[in-house]
Amino acid sequence: MTADPARPVDHTALALGARLGQGGQGSIYPVTNQTITVADATWAVVYKEYDPALLPDLDVDALTAMVRLRSELDAADGQWLYERTAWPAAVVQRIGHTSGFLMRAAPDRFHFDYRSLSSTTTRTRRLASLEYLLNDDAYVAGIGLSISDRDRLLLVADLAATLTRLHTLGIAVGDLSPKNLLFSTAPQPECFLIDCDAMQLRGATALPQAETPDWQLPAGEPKATPAGDAYKLALLTIRLFARHQSATDPAALSAISPELAALARAGLDPEPERRPTPSTWRNALLTAAATASATPNPGNPPPSHPPGHPPGPSPVPSPVPGPQKPKPLSIGARVGAAGVVAVTALVFVLAIVLSHTDSTPSASSSGGGPATTTAPWTPPPWTSPPWTPSTTDPAPPPTSDVPEPSPTPTPPAPPPDPIATAQAGDCLLRSGSAQYSQWASSDCGLGTYQVLKTFAGTTDQSVCDNVPKDTLEVSNTGANRVVCLSYTDQNGAYSAQPGQCVYGKTAAGNWGTLACETGAFTVVGRYVGTEDGTRCGNNRSETFPVQDWPDQSVTLCLTMNYPDDMWHATVDECMVMSGPSGHARFTAASSCSEANAVFVARTTQYDDGAWCNGYSWSTWTSSDYPEYAYTACYRLK
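Residues numbered from 1 in each chain as written. Predicted model: local features only at pLDDT ≥ 70, side-chain atom pairs only at ≥ 80, totals over all residues. Heavy atoms only, no water.

### Topic: the state of the cysteines
Now for step 1: Scanning the model with the defined rule gives six disulfides in all.
Now for step 2: The disulfide partner of cysteine 427 is cysteine 444, and the S-S distance across this bridge is 1.9 Å. Negative torsions about the S-S bond denote left-handed disulfides, and the value of about 95 degrees found for cysteine 427 with cysteine 444 makes this one right-handed. In this pair, cysteine 427 sits in strand 15 (residues 427–432) while cysteine 444 sits in the loop between strand 16 (437–442) and strand 17 (449–456), placing the two residues 17 residues apart along the sequence.
Now for step 3: Given a relative accessible area of 4%, cysteine 427 falls into the buried group. (Disulfide = S-S within 2.5 Å. Helix = DSSP H or I, 4+ residues; strand = E, 2+ residues; numbered from the N terminus. Buried < 20%, exposed > 50% of the residue type's maximum accessible area, 1.4 Å probe, protein only.)

### Brief notes about helix 7 (residues 258–267)
The α-helix advances 3.6 residues per turn, and as a result positions three or four apart in sequence lie on the same side.
Now for step 1: Turning to helix 7, its buried residues are Leu260, Ala261, Leu263, Ala264 and Gly267. Buried residues in helix 7, looked at end-on, bunch into an arc of 160 degrees, giving them a common side. When the buried face of helix 7 is taken as reference, the exposed residues oriented beyond 90 degrees from it are Pro258 and Arg265.
Now for step 2: Buried-residue contacts for helix 7 involve helix 4 (149–168), helix 5 (226–242), helix 6 (251–254) and helix 8 (278–289). (Arc of directions from axis to C-beta. Contact = heavy atoms within 4.5 Å.)

### Regarding unusual backbone geometry
Now for step 1: Each neighbour pair has its own omega, and for alanine 186 with proline 187 the value is 10 degrees, a cis peptide bond.
Now for step 2: With respect to the helices and strands, proline 187 occurs in the loop between strand 10 (181–184) and strand 11 (190–193).
Now for step 3: If you check the backbone angles, arginine 243 has positive phi at about 55 degrees while not being a glycine.
Now for step 4: Tracing the backbone through its elements, the reader meets arginine 243 in the loop between helix 5 and helix 6.
Now for step 5: Positive phi, close to 55 degrees, is recorded for asparagine 480, a residue that is not glycine.
Now for step 6: Structurally, asparagine 480 is set in the loop between strand 18 (472–476) and strand 19 (481–487).

### Things to note about helix 4
Now for step 1: For helix 4, built from 20 residues, the straight-helix expectation of 28 Å at 1.5 Å per residue is met to within 8% by its first-to-last C-alpha distance of 29 Å.
Now for step 2: Counting buried residues in helix 4 gives 14 out of 20 residues, a clear majority hidden from the surface. (Expected span 1.5 Å × (residues − 1).)

### Let's talk about the environment of threonine 559
Now for step 1: The residue threonine 559 is located in strand 24 (residues 554–560) in this model.
Now for step 2: Here threonine 559 falls in the partly exposed class, since its relative accessible area comes to 26%.
Now for step 3: Considering only alpha carbons, one finds threonine 559 and glycine 525, 34 residues apart in sequence, at a separation of 9.6 Å.
Now for step 4: Discounting chain neighbours no more than four positions away, the residues touching threonine 559 are Ala520, Phe521, Thr522, Val524 and Asn539.

### Overview of the packing of aromatic side chains
The relation between two aromatic rings is expressed through the spacing of the ring centres and the mutual angle of the planes.
Now for step 1: A complete count under the given rule lists 22 aromatic pairs for this structure.
Now for step 2: Directly above the ring of tyrosine 114 sits arginine 126, whose terminal nitrogen or CZ lies 3.6 Å from the centroid.
Now for step 3: Here the guanidinium or amino end of arginine 602 rests over the ring plane of tryptophan 567, the centre of that ring lying 4.8 Å away. (Phe/Tyr/Trp six-rings, centres within 6.5 Å; stacked < 30°, edge-to-face > 60°. Lys NZ or Arg CZ within 6 Å of the ring centre and 35° of its normal.)

### Quick notes on the pairing of strand 27 (residues 597–603)
Now for step 1: Among the seven residues in strand 27, seven count as buried, and that is most of the element.
Now for step 2: In terms of strand pairing, strand 25 (residues 574–578) meets strand 27 through two bridges, oriented antiparallel. Bridge assignment links cysteine 574 to a residue of strand 27, and that residue is valine 598.
Now for step 3: Bridge analysis of strand 27 against strand 29 (residues 630–636) gives six bridges, and the strand direction is antiparallel. (Pairing = 2+ DSSP bridges.)

### A look at the nonpolar core
Now for step 1: With 96 residues, the main nonpolar core has Trp87, Leu102, Leu130, Leu133, Ile171, Leu260 and Trp281 as its most contacted residues.
Now for step 2: Excluding anything up to four places from it in sequence, leucine 130 contacts Leu155, Pro178, Leu181, Phe183, Cys191, Leu236 and Leu240.
Now for step 3: Membership of the second largest hydrophobic core comes to 45 residues, among which are Ala422, Val451, Val502 and Ala569. (Core = buried A, V, L, I, M, F, W, Y, C linked by side-chain atoms within 4.5 Å.)

Right, here's the structure in full:
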């Protein structure tokens, strides 16, 4: 690390290993020729390279101030800061532009061997995010974690102590949520904070303040303040003991300590000044831990869950608010614009935060003149097929001028519940409300639910979790069966599932599915029962609401299909350039020996060769979505 921590490090001076991972903000690489040393401690370093789309919003002065903090602290505070957090250690520049920063790598004790619930022999090394602990004990034990109530109390006590000291240094966490917290129970329970470049130092922040869904402050309250951190500390404590991702009732804490339950109620007070401080929390947590159980609870099998809301975690890139075990995602048959087959619903926790093909990218060598730009990509038109609901008038009741005397009729038996008798392929109409639905047999058509599969001998709706295209599960206690259903919607993209491609315009026209061409969007996530686009993180979100049935509304998370590998290239990545000048295409080289170009830099501006400062460049844009344009700089080998 440079002697002056505020002095930028040139990217060319870094010896980078293979990419560790990629998230919504950028990519993480190990650095083999740098370390962080404070007092007597030395730590390994990783490099976070920002996604170019974030750079216009980056406050470089604020990021530099975070790096400079190290030199302003005494040795004890500086060492503590890097022991407990992934605090920015140096700004990295590439051809004169800030591209990211260096930080400490997550210590090994904040990882664990994740065990797959479907395979007792499969283990993968993962970051120990607190998200995993916001689930029932059976799940936590099933994935290979062993944690007691005493451990949980001591973890929060350690976090409370960390927050107290951070606040003393003028730092507010802001987006305090389980996705930004790692934990360890050995040699003692403790936490490690990541995503530190999103924290606020003395009122300044490098990136715009954001909040994880279900972890927001009360409406109108300023973000990134000590009082806001205290509010989220109360939420975290409640949810750790409720074993639930979004609980706000401190009842589960009452069994551990009435004092903690009272603190939690006060911690959620809408008036910030009335909330207990983290130091107050720490004292009460340590007191409760002295008598809490030190035996991990293996738990009972997970309970059944409401339709469309399966429990439990599953880490995927995304920013999903906590690992709530989404349904497994499978790529079904290609659905055209007229298709209306509904499908099923989608943290990747990184070590340290970390179109119709008429168009091709244009390229220009520095000595070959300006880039030649082909026409922006325009999607092919499609139309939705007409749909006319079928109607059948009921036959009129028979009439008689002279009624015949008859005995008192026996009341007719109630019609059978369709949920008790429906078979795969049948269709049902839904009435009532999301909480108290009534069902009737129906011809199949838009607005109906098709039966995908039935399960006898159970009312556990989680049996539908692995049924492709499932959007709603209904059980019948009397018949002891579960029916898995798929809603059919008129929008052509509603039923698209991860791996398929869609296109449409936000302002006009329906979306629909199409071939995965350049300029189209690939579906990378699908959420049923929500119109909350923030679940897609930095991916694009498109919502398809279902009138009267919000639990069937769908939000799709999308990524743009770029024309070649230049958009996804990382600094110094070797590329193979092919095609005529002005229309070259780039693919990632399997080895640098076969490459004829090396990626240098990228901006989100279209046709901006001057930004490349003398390097060769290629550029691309979409006619409907110019925000996805780019100019990529490269050098020839």
